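Read off the chains here:
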Amino acid sequence: MLTYTLQRVALALAIVFVAISALFTIMVTLPGDPTTVLLGPRATPEIRAEFRLQMGLDNPIYVQLADFWGRVLAGDLGTDYYRNRPVAVAVFSALPHTTALVFGAIFWSASLGIVLGAFSADNRNSLLDRVTGVLSVAFIAAPSFVVALYALLLFSVTLRWFPTIGAGEPGDIGSRLYHLILPSLAIGLAWVGYVARIVRASMLETLSESYIRTARAFGLPRRVVIYNYALRVAILPAVQVLGVGIGGMLSAAVFAEIVFSRPGIGSLIYDSVSGRNYPVVMGSMLVAIGFFVTCALIADLINAALDPRHRTKS
Amino acid sequence: MTDHRLSRLFPTLDRRQLLAGAVGLSAASALPITAWAQGTTLNVRSYLEPEDYDPLDASGFLEEMLYGCIYRKLIQYVPGDEWAWQNDLAETIKQSSPTTITFTLKPGQMWSDGYGEITAEDVKFSMERHMVEENNSRIKPDLGPFTHVEVTDSHSGIIHMERPFAPIWSIALPYLAGTILCKRATEEAGGKITTAVPPTVSGPYRVSEHRLGERWVLERNPDYSGAAPDFDRVDIIAIVDESAAEIAKEAGDVDFTAIGPGSVQRLQENPPANSQLTLHPALSYTWVGLNLNNPKFEDIRVRQAIMHAIDVPSIMQAAYFDVAEPSTGIIAPGLIGHREKTLIPQQADFARARALLDEAGIDRLAIKIDVLNNVTATTSAQVMQAMMTNAGIDLEISVHESGSFWSLGVAADGERWRDLELTFKRFSMTPDPYYATAWFVTNQIGDWNWEQFSNEEFDRLHEEALSETDNEKRDAMYRRMQDLMEESGAYRFITHEVTANLYADTITPATRPDGLPMVQFFRRA
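Predicted model only: the values in this text are computed from it and were never measured. (Residues numbered from 1 in each chain as written. Chains lettered and ligands numbered in written order. Predicted model: local features only at pLDDT ≥ 70, side-chain atom pairs only at ≥ 80, totals over all residues. Heavy atoms only, no water.)

K.L.:
Mind showing me how you'd approach the domain arrangement of chain A here?
P.N.:
Accessible area lost when the parts come together is the quantity often used to give the size of an interface. Residues and elements named next belong to chain A. Examined at the domain level, chain A breaks down into domain 1 (2-73) and domain 2 (92-313). Each of domain 1 and domain 2 has a C-alpha centre, and the two are 31 Å apart. With 24 residues of domain 1 in contact, the opposing surface of domain 2 contributes 20 residues. Interface of domain 1 and domain 2: buried area, both sides summed, is about 1,900 Å²; carbon and sulfur atoms make up 83% of it. Counting across the interface, domain 1 meets domain 2 through one salt bridge. Applying the counting rule to domain 1 against domain 2 returns one residue pair in polar contact (both at pLDDT 80 or more). When contributions to the side of domain 1 that touches domain 2 are tallied by element, the ones reaching two or more residues are α1 (2-29), α2 (34-39) and α4 (61-73). (Domains from an automatic or database assignment. Contact = heavy atoms within 4.5 Å. Buried area = accessible area lost by both parts, 1.4 Å probe. Salt bridge = Lys/Arg side-chain N within 4 Å of Asp/Glu carboxyl O. Polar contact = N/O pair within 3.5 Å; in protein donor to acceptor, adjacent residues only side chain to side chain. Helix = DSSP H or I, 4+ residues; strand = E, 2+ residues; numbered from the N terminus.)

Following this line, the structure appears as structure tokens:
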């Protein structure tokens, strides 16, 4: 297990390095002069020149990239020159909001998806199974921003159950959770369909295993066999999918954060890319990719711990 | 004026209270959230986050909206339908000579948090710091030929300029550059206000909290020297997406927001409950520009053909939903220099355009337009594309995201600026015509003059108009400058747009004539 863990950690670090280096290169070669975009029309040529110097924009790309990694290794994500603050302040004040959003989405997708999937498998080929199947595909097909807008119209404008904007009052967990319900549901709903389909397929496979037959032969109640024995194994693929799916949820978080006007890494990246605010883009991307890779790594390690065959295959 | 107070049910959260929370959430299904609303908070939408508290870093109206709440100026704009200014800190202020302005401060106007009385030294410090090179003030150009403030006593002073500068009354003093900071507090902060909240303020509100990426929370300034504001708390909430802002208003989470032109007709026909919708002519200007140095457009007949083939009323109908009016130039109605009509009629004349192309020996003309990736710009371009074929012009549309688009004509960003053909652009504007013409002078080529328009008379008039204090002469100068622009064949003026505001009928908003909010003057209805 230790060797497997070390291999996975090394791979994760390599992924972060390659992804960030590629993104950095793409970012600085995109058309769009940051001094023009960031400083606006009234900035004088002297201010623009000073700004270019501060951002190191006149250096070759490889020098800028080396400088970036040098700073990161020294624990410095750089400075947001536009807003006169360390990038780390911007990124780490946004990260908890995005983390909460993504884990909220995982909560919805896992809780609803597993229940739907297990229910479908337990009632294979029934009318309810077919309805669940249609619903699952509908959830998968609906884009997050459409779900977000309709959720807003229904639950906020018409029913007035939930707020439309913001992340809630700082230091007040109740308010935070209350403001998290709709945006996390908007992101998580698409994954409910995926998880339900995967759990259903995996469950049907598991139910045909001999140890399940043995359990039944011992006279254990049907519900105990299904939900205590079969489901524990059947949810393993869903865990892996959700681990990888965090990348997709992070992408969807951009829309959710904009539509629900929440602070977060997604909206920070969106604003910074539009404004060519390189230090903030790279700092945010580093944390977002690090977050994604870490979650995928944890999912891998959980799978390996639960199912030794994974370690052997690797 | 709503505030979700469900959170009060959960002061802390242990396992038992988590269960209570679940019950509370279930109960929410039966109770409308507005049941908890209370009327002391004003929620105003801003489309982005203001930068910070220091005017050195200010770049536009977003900062002005915040600064108006927490700082004061010698003079301020008067809310209403006509551009005018009123005294704020100044008890008296007048143009004492073409290059000097004499002012006296009202006595007893205080800084908050024990920073004492506002003095002429604060005025001198606040204005002169923009002129210091090392401070890198982004709004230094707004002060024009301003040189210094001479302090004559603790409450009086004289503003000096190198030469007469008409926009000092319309842009410099009542806008960002006229914001007065506390000298002592700013020096204690190291010369720039970069703290989490400003150490001292002078306006009706003070900053209680800045939630990064979300909102600025303001509360009453107990040390404010004027009449107490109506609201205990003002939240300036950053909502990027217009549709989201509209939904937030309908749900009662926002009390005041601007909305897009696409929603105006629907909201006029079906007004939301307890809401008001107002329309204001905006100052911004939108136009189709043509790069004069592109070899394709060397022949003036080709340029004129393109201008005649653009049907402005159709663009108004399709992209602006007939809410905005076609413009006659870059200077909006109500401002000095506004033209009554264009040289080329706003309706397209395809026969004339075709004839001009025939004269130039061109059978079919293939051209490209670069536009920003927003619905208004792309729809306008599509309308042009569809209609220009009537004149034998094939228009290719190239859509850019904002970072790429706004540096298309900038020489510092490579060679793209040389090959530009047509661009569809929108510039924001302040209430002085100088701010409109400043981008089209020769030395702006390679920066913001993407048409690469260069005209000696235009450049000379721009300089002369800055120092001209006779409004009638100034008016004629700016009208002539717009004639020169149009005669070049490089400009087809589209619209000044419209500002549509949707607000709760529980408040009485205060706006400038262009519809932008002056939150410091908002009142409860």
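From this point, the narrative continues.
K.L.:
How should I be thinking about the nonpolar core in this particular structure?
P.N.:
Nonpolar side chains tend to gather and get buried jointly when the protein is soluble and globular. Counting 132 residues, the largest nonpolar core has Ile-159, Leu-173, Ile-306, Leu-422 and Phe-440 of chain B as its most contacted members. When residues are assigned to domains, this core turns out to be shared by domain 1 (3-16 + 39-258 + 499-524) and domain 2 (285-496) of chain B, each giving three or more. Beyond its immediate chain neighbours, meaning those up to four positions away, Ile-306 of chain B contacts Leu-290, Phe-297, Leu-365, Ile-367, Met-388, Ile-393 and Leu-422 of chain B. Core analysis: the next-biggest nonpolar cluster, separate from the first, contains 51 residues, Leu-101, Ala-110, Phe-139 and Ala-151 of chain A among them. (Core = buried A, V, L, I, M, F, W, Y, C linked by side-chain atoms within 4.5 Å. Buried < 20%, exposed > 50% of the residue type's maximum accessible area, 1.4 Å probe, protein only.)

K.L.:
Help me understand the interface of chain A and chain B, please; the structure alone is not making it clear to me.
P.N.:
Of the residues lining the interface, 55 residues belong to chain A; the matching set on chain B comes to 66 residues. A combined buried area of about 4,700 Å² lies between chain A and chain B, and 57% of that area is made up of carbon and sulfur atoms. On the chain A side of the contact with chain B, Arg-42, Arg-160 and Ile-165 of chain A bury the most area, a combined 17% of that side's loss. The interface formed by chain A and chain B holds two salt bridges in total. Applying the counting criterion to the chain A and chain B interface returns five residue pairs in polar contact (both at pLDDT 80 or more). Residue assignment for the side of chain A that touches chain B shows that the elements contributing at least two residues are α2, α3 (45-55), α5 (87-122), α7 (144-158), α8 (173-207), α11 (236-259) and α12 (265-274) of chain A. When residues of the side of chain A that touches chain B are assigned to their parent elements, the largest contribution, six residues, is made by α8 of chain A. Grouping the constituent residues of the side of chain A that touches chain B by class yields 28 nonpolar, 14 polar and 13 charged. (Nonpolar A, V, L, I, M, F, W, Y, C, P; charged D, E, K, R; others polar.)

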